[in-house]
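# Descriptive analysis of the structure
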Amino acid sequence: MTVPDFRAAKQAGRKLTVLTAYDHLWASILDESGVDALLVGDTLGMVVQGRESTLPVTLRDMLYHGEMVARAARRSLVIVDLPFMTYQLSPLQARRNAGRIIKETGAAAVKLESGATQAATIAALADIDIQVMAHIGMRPQSIRKYGRMSAIQRDREQLMADALAAEAAGAFSIVLELIPRSIAREITEALSIPTIGIGAGPDCDGQVLVTPDMLGMTAGFNPKYLKRYADIRAQTIAAAQAYITDVQSGEFPDAAHSHE
Ligand code: KIV
């Protein structure tokens, strides 16, 4: 999967699938599933590092996790998030840090939380052929402004202006997070680049979910948009408890698992 393939999917009317990945093991499993893109999201701050927001995530974290994921990906497009304060200072800062991500991880593209206000930054990256996925709607790096992660964004005119600005600046795709489905549909129809929704309804060109959420690994996170496709947390706890019982009772290791 390349960036041109990703763009072409919209023209072909084929829905795009994106899942987050943070390490080599999970990236290799998800790559094998046939998912179109692996997003090394700064959600790793919460789901991997156990923090309350994405704000503390560093460029070094993204380089570390991004490299592992890109090395595992045989087929999926790998996109790495630029974390908070690694691109907001200036287009030059964005070039320097996005350039490091592309050079040092092997990823195909970067994602940045961006609308009209970051259009110059998107253009600065696109001008040197760094592929940019934009991200509008609820932007987790602005959590202090919203006060909560579940703040649905409903300003139709602002959202449309953000989306058009990101496309005009050269983004190859755009994430629409937590916006009403009617606005997501209008944006999807207005843009020629693929829209990837999360909490944005069924009319986007594709969908992204946070993998530990959709696999049922994270506890206590139940937004309306989330569909769980497995219950890995409960299965892992049950497997670990069976192991504990076996070891404590002497059931394991048995003869079949021992060397003579
Ligand atoms: O960081 C992330 O994983 C994301 C997705 C939720 C779109 O931005």
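Bear in mind that the values here come from a model prediction, so they are computed numbers and not experimental data. (Residues numbered from 1 in each chain as written. Predicted model: local features only at pLDDT ≥ 70, side-chain atom pairs only at ≥ 80, totals over all residues. Heavy atoms only, no water.)

## Digging into the environment of Arg-144
How we decide: Helix and strand labels come from DSSP, where a helix needs a run of H or I of at least four residues and a strand needs a run of E of at least two; each type is numbered from the N terminus. Contacts between residues were defined by any pair of non-hydrogen atoms, one from each residue, lying within 4.5 Å. For the purposes of these results, a polar contact is taken to be a pair of N or O atoms within 3.5 Å, where, inside protein, one atom must be able to donate a hydrogen and its partner to accept one; residues adjacent in sequence count only when each atom of the pair is a side-chain atom.
By secondary structure assignment, the location of Arg-144 is in helix 7 (residues 143-146). Between the C-alpha atom of Arg-144 and that of Ser-53, which follows or precedes it by 91 residues, the distance is 9.6 Å. If sequence neighbours within four positions are ignored, Arg-144 has contacts with Glu-52 and Leu-55. Of note is the side chain of Arg-144, whose polar atom sits 3.3 Å from the side chain of Glu-52.

## Points about the domain arrangement of the protein
Selection rule: Segment limits for the domains were obtained from an automatic or database-derived domain assignment.
Per the domain assignment, the segments of the protein are domain 1 (3-229) and domain 2 (232-260). Relative to domain 2, the C-alpha centre of domain 1 lies at a distance of 39 Å.

## A word on the site of the ligand
For clarity, the threshold we go by: If a single non-hydrogen atom of a residue is within 4 Å of a molecule or strand, that residue counts as near it. Note on areas: these come from Shrake-Rupley sampling with a 1.4 Å probe, and a residue is covered only by the protein chains present in the view. Three classes are used: nonpolar for Ala, Val, Leu, Ile, Met, Phe, Trp, Tyr, Cys and Pro, charged for Asp, Glu, Lys and Arg, and polar for all others, with Gly counted as polar.
Looking at the ligand, the residues that line it are Thr-20, Leu-39, Gly-41, Asp-42, Thr-43, Asp-81, Lys-111, His-135, Ile-198, Val-208 and Val-210. Between the ligand and the protein, one listed contact pairs an oxygen atom with a side-chain N or O atom of Asp-42 at 3.1 Å. For the ligand, the accessible surface in isolation is 260 Å², of which the surrounding protein chains cover 97%. Classifying every residue of the shell around the ligand by side-chain character gives four nonpolar, four polar and three charged.

## Regarding the confidence of the model for the protein
Filter applied, for reference: Confidence of the predictor at the level of single residues is given by pLDDT, which spans 0 to 100.
Looking at the protein as a whole, the pLDDT averages 97, with 100% of positions reaching at least 70. At the low end of the mean pLDDT range in the protein sits helix 7, at 92; at the high end sits strand 2 (residues 37-40), at 99.

## So, the packing of helix 4 (residues 59-72) against helix 5 (residues 91-105)
Put simply, the test is: Under this scheme, a helix contributes an axis fitted over its contacting stretch, all axes are lines through C-alpha atoms, and angles between N-to-C directions fall in the 0 to 180 degree range. In this scheme the crossing of two helices becomes right-handed for a clockwise turn of the near helix relative to the far one and left-handed for an anticlockwise turn of less than a right angle.
Remark: helix 4 packs on helix 5, axes separated minimally by 9 Å, with the N-to-C direction vectors making an angle of 30°. Regarding helix 4 and helix 5, the two cross each other, and that crossing is right-handed. Across from Leu-59, Met-62, Leu-63, Gly-66, Glu-67 and Ala-70 in helix 4, the residues of helix 5 making contact are Asn-97, Arg-100, Ile-101, Glu-104 and Thr-105. Residues belonging to the contact of helix 4 with helix 5 are distributed by class as follows: five nonpolar, three polar and three charged.

## So, helix 4
We apply this condition: Expected span of a helix: the number of residues minus one, times 1.5 Å. Residue exposure (1.4 Å probe, protein chains only): buried if accessible area is under 20% of the type maximum, exposed if over 50%, otherwise partly exposed.
Under the 1.5 Å per step criterion, the end-to-end length of helix 4 is 20 Å for 14 residues, consistent within 8% with the ideal 20 Å. By the criterion of burial, helix 4 is predominantly enclosed, with ten of the 14 residues buried. When helix 4 is considered as a whole, its buried residues turn out to be Leu-59, Asp-61, Met-62, Leu-63, His-65, Gly-66, Met-68, Val-69, Ala-70 and Ala-72. On its buried side, helix 4 packs onto helix 2 (24-33), strand 2, helix 3 (44-47), strand 3 (77-81) and helix 5.

## Here we look at the pattern of salt bridges
Applied cut-off: Salt bridges are identified by distance alone: a Lys or Arg side-chain nitrogen within 4 Å of an Asp or Glu carboxyl oxygen.
Per the stated rule, a full pass over the model turns up ten salt bridges. With its nearest N and O atoms 3.8 Å apart, the salt bridge here joins Arg-75 to Asp-36. Here Arg-75 is found in the loop between helix 4 and strand 3, whereas its partner Asp-36 is found in the loop between helix 2 and strand 2, with 39 residues between them in sequence. The salt bridge involving Glu-67 is made with Arg-71; its shortest N-O contact spans 2.7 Å. Residue Glu-67 and its partner Arg-71 are both found in helix 4; the two are separated by four residues, about one turn of the helix. A residue is classified by how much of its surface remains accessible, and Arg-71, at 45% relative accessible area, is partly exposed. If you follow the salt bridges from partner to partner, you end up with Arg-14, Asp-36 and Arg-75 in one network.

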